[in-house]
Amino acid sequence: MNLDNRHPEAPRQERHTATLFWTDFKWLVFMIALGAVFGWYAGSIEWGIIISLLLYYGWRLYAVQQFYLWMSRSLTVPPPDFSGSLTFMANQLYESKKQKQKVDQRITALVTKIRSSLLALQDAVILLDKEDRMDWWNQSAETLLALSSEDQGRSILQVINVPEFHQYYVSATSPNEGIRLRSWRNSERFLQCEVTHFGHEKLLIIYDVTRLQHLEKMRKDFVGNVSHELRTPLTVLMGYIETFSDQPDLDPKWQRGFQLMTQQTSRMNRIINDLLLLSRLENEETIPVEYVDMPRLLVNIFDDAQVYNKEYGHVINLHLDSQKSVYGSETYLHSALLNLVTNAIKYTPKGGEVNIGWQDSKEGCLFSVSDNGIGIAREHIERLTERFYRVDSGRSRNTGGTGLGLAIVKHVLYQHQATLSIESTEGKGSTFNIFFPSQRIYTEDKGNEDDKKPT
Ligand code: ADP
């Protein structure tokens, strides 16, 4: 164990100090001895020593002056021999200066490399100071934002004068997902903006995502169109299957077949309906905003849940601890919240308990559904809101699941600026919490509804 907590260089420095002292001391002793010998020859030892000490002193003063002259040349040339400790100090200074020069050269080369790679980058990079003023930008930023040298020091909020960007910029923490905007200079193009904080400064990166936006649009349209096109033939098929199954003279050997066809076509119908709903949610930039009386909506959901619960026989409790309401779409909220409640019923073995809650929370309101069902292993939780992601696809299918429920929930919540958090322990149960921020909460004075609606 090392009990010596001094700087690791300390013993070496102490050794150097001792060597320096002895070098100077030896010179002093030599001069005194020389003075004494000459004094003895001349008849006065004292005067010999005094004269010798004065000579020594004059020699050191000259050395100090030379040392100073050498230093004033910015330590660019190797030091001459000053004798004694001054030579040692000069060598030390010269070596550390050389080291520093090397480090500076390396840093300058690195900065040049970083600058040139930033300049060559396709993405726009803008360096902002702590007052949000533009400090430096690359070539792409110049083209994308039409910047000129006169913009140096201008606030980025003036340059990008778009309310959505301002909203994002002031609230962006690091790391964040950025914001996608329609270009304010060319409405055909889409830009992704990402702010990163470092110290008091910020780095804004903007890149063109028009192609990605088009591909996403194509994917959404494709899913929407296919679902829509499949709907009509499926409805015809379901109609005929139902008619044939109801025939009293249906051969018993076909009965099982018709039963399976009915099950599978209604499953396909549910998937198509969910896909169409998802496609609608994705394509709507803003949802119809209305006053949603949450306590009333939750009572309706509670009643629907009781019907669904018949074959499970759980105890379902509704805890309405807040009377507050939400601005949003009643249809979408009903669909999303009911989905969480039916999931809690579906994924809880018979005779369990499901609790639905609505309560005030810090800076908003909280909706929660908890069950004491099968729970979800930690590694699945992150991915549950992906389309068709199921922990156990067999169980999901048997309970009539489409694997799209939580994807719909995610989109509905996004439209309401609400956030979903999931807590679960495998074998013990799960809790799904939805937090609605205060700008979505409506408290009282329904007369002024329009004034309070979020934009
Ligand atoms: P599904 O139609 O399969 O229920 P969801 O998107 O609603 O699709 O849910 C995705 C998956 O999340 C489900 O397949 C299930 O594995 C899991 N899940 C959702 N809610 C619960 C819950 N309350 N308890 C346990 N697992 C759940």
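Just so we're clear, the structure is a prediction, and the values are computed from it rather than from any experiment.

### Description of the environment of Leu145
Then step 1. On the secondary structure map, Leu145 appears in helix α4 (residues 139-145).
Then step 2. Classification of Leu145 as buried rests on a relative accessible area of 7%.
Then step 3. In the structure, Leu145 is positioned 38 residues away from Ser183 in sequence and 9.6 Å away in space, judged by C-alpha atoms.
Then step 4. If sequence neighbours within four positions are ignored, Leu145 has contacts with Ile126, Val159, Trp184, Arg185 and Ile206.

### With respect to the pattern of salt bridges
Then step 1. Considering all chains together, one arrives at 13 salt bridges under this definition.
Then step 2. Among the ionic pairs, Arg154 bridges to Asp151, the shortest N-O distance being 2.7 Å.
Then step 3. The exposure class of Arg154 is partly exposed, given its relative accessible area of 33%.
Then step 4. Asp151 sits in the buried class, given a relative accessible area of 9%.
Then step 5. Put simply, Arg296 and Glu330 hold a salt bridge, and the shortest N to O gap is 3.5 Å. Taken together, the residues span a long stretch of sequence, with Arg296 in helix α9 (residues 294-308) and Glu330 in helix α10 (residues 330-346) at a distance of 34 residues.
Then step 6. Looking at Arg296, the relative accessible area reads 41%, which means it is partly exposed.
Then step 7. Each of Arg219, Glu282 and Arg387 takes part in salt bridges that share partners, so that together they form one network.

### Overview of the nonpolar core
Then step 1. Formed by 47 residues in total, the largest nonpolar core has its most connected members in Trp358, Phe367 and Phe436.
Then step 2. Secondary-structure elements contributing two or more residues to this core are α8 (252-283), α9, α10, β9 (353-361), β10 (364-371), α13 (405-415) and β12 (429-437).
Then step 3. In terms of residues, this core owes the most to one element, α10, which gives nine residues.
Then step 4. Counting residues domain by domain, this core receives three or more from each of domain 3 (212-283) and domain 4 (290-451).
Then step 5. Beyond its immediate sequence surroundings of up to four residues, Phe367 is in contact with Leu298, Leu337, Leu340, Val341, Ile356, Gly357, Trp358, Phe432, Asn433, Ile434 and Phe436.
Then step 6. Ala124, Met134, Leu145 and Ile179 belong to the second largest nonpolar core, which has 23 residues in total.

### Some words on the site of the ligand
Then step 1. Lining the immediate environment of the ligand, one finds 22 residues, of which Asn343, Tyr347, Ser396, Thr402 and Leu406 sit closest.
Then step 2. One nitrogen or oxygen atom from the side chain of Tyr347 is found 2.8 Å from an oxygen atom belonging to the ligand.
Then step 3. A distance of 3.2 Å separates an oxygen atom of the ligand from a polar atom in the backbone of Val391.
Then step 4. When the ligand sits alone it has 530 Å² of accessible area, and the protein chains cover 97% of it.
Then step 5. Of the pockets mapped on this structure, the ligand occupies the second largest pocket.
Then step 6. For the shell around the ligand, the secondary-structure elements that each account for two or more residues are α10, α13 and β12.
Then step 7. Counting residues per element, the shell around the ligand draws most heavily on α10, which supplies four residues.
Then step 8. Looking at side-chain class alone, the shell around the ligand contains 10 nonpolar, nine polar and three charged residues.

### Let's talk about the sheet that holds strand β5 (residues 201-208)
Then step 1. Taken together, five strands build an open sheet; the order of strands is β2-β1-β5-β4-β3 and the sheet is antiparallel. Of all strands in the sheet, those bounded by a partner on one side alone are β2 (134-137) and β3 (179-182). Neighbour-to-neighbour, the strand axes of this sheet turn through a mean angle of 25°, independent of strand direction.
Then step 2. Both strand β1 (residues 124-128) and β5 contribute to a ladder of five bridges, which runs antiparallel. What sits directly across from Leu127, in β5, is Leu203.

### Points about the layout of surface pockets
Then step 1. Reported here for the second largest pocket is a volume of approximately 840 Å³.
Then step 2. Elements with a contribution of two residues or more to the lining of the second largest pocket: α8, α10, α12 (393-398), α13 and β12.
Then step 3. When residues in the lining of the second largest pocket are grouped by element, the largest group, seven residues, is from α10.
Then step 4. Here the lining of the second largest pocket is composed, by residue class, of 15 nonpolar, 15 polar and eight charged.
Then step 5. Two domains share the lining of the second largest pocket, each providing at least three of its residues, namely domain 3 (212-283) and domain 4 (290-451).

Basis of the calculations
Residues numbered from 1 in each chain as written. Predicted model: local features only at pLDDT ≥ 70, side-chain atom pairs only at ≥ 80, totals over all residues. Heavy atoms only, no water. Helix = DSSP H or I, 4+ residues; strand = E, 2+ residues; numbered from the N terminus. Buried < 20%, exposed > 50% of the residue type's maximum accessible area, 1.4 Å probe, protein only. Contact = heavy atoms within 4.5 Å. Salt bridge = Lys/Arg side-chain N within 4 Å of Asp/Glu carboxyl O. Core = buried A, V, L, I, M, F, W, Y, C linked by side-chain atoms within 4.5 Å. Domains from an automatic or database assignment. Near = heavy atom within 4 Å. Polar contact = N/O pair within 3.5 Å; in protein donor to acceptor, adjacent residues only side chain to side chain. Areas by Shrake-Rupley, 256 points an atom, 1.4 Å probe, with all protein chains shown as cover. 1 Å grid on protein atoms, 1.4 Å probe; cavity = no way out; pocket = protein on both sides within 12 Å on 5 of 7 lines; lining within 4 Å. Sits in = over half its atoms within 2 Å of the grid points. Nonpolar A, V, L, I, M, F, W, Y, C, P; charged D, E, K, R; others polar. Pairing = 2+ DSSP bridges. Axes fitted to C-alpha atoms, helices over the stretch in contact; angles between N-to-C directions. Points joined across faces, edges and corners; volume = space filled by probe spheres on them.

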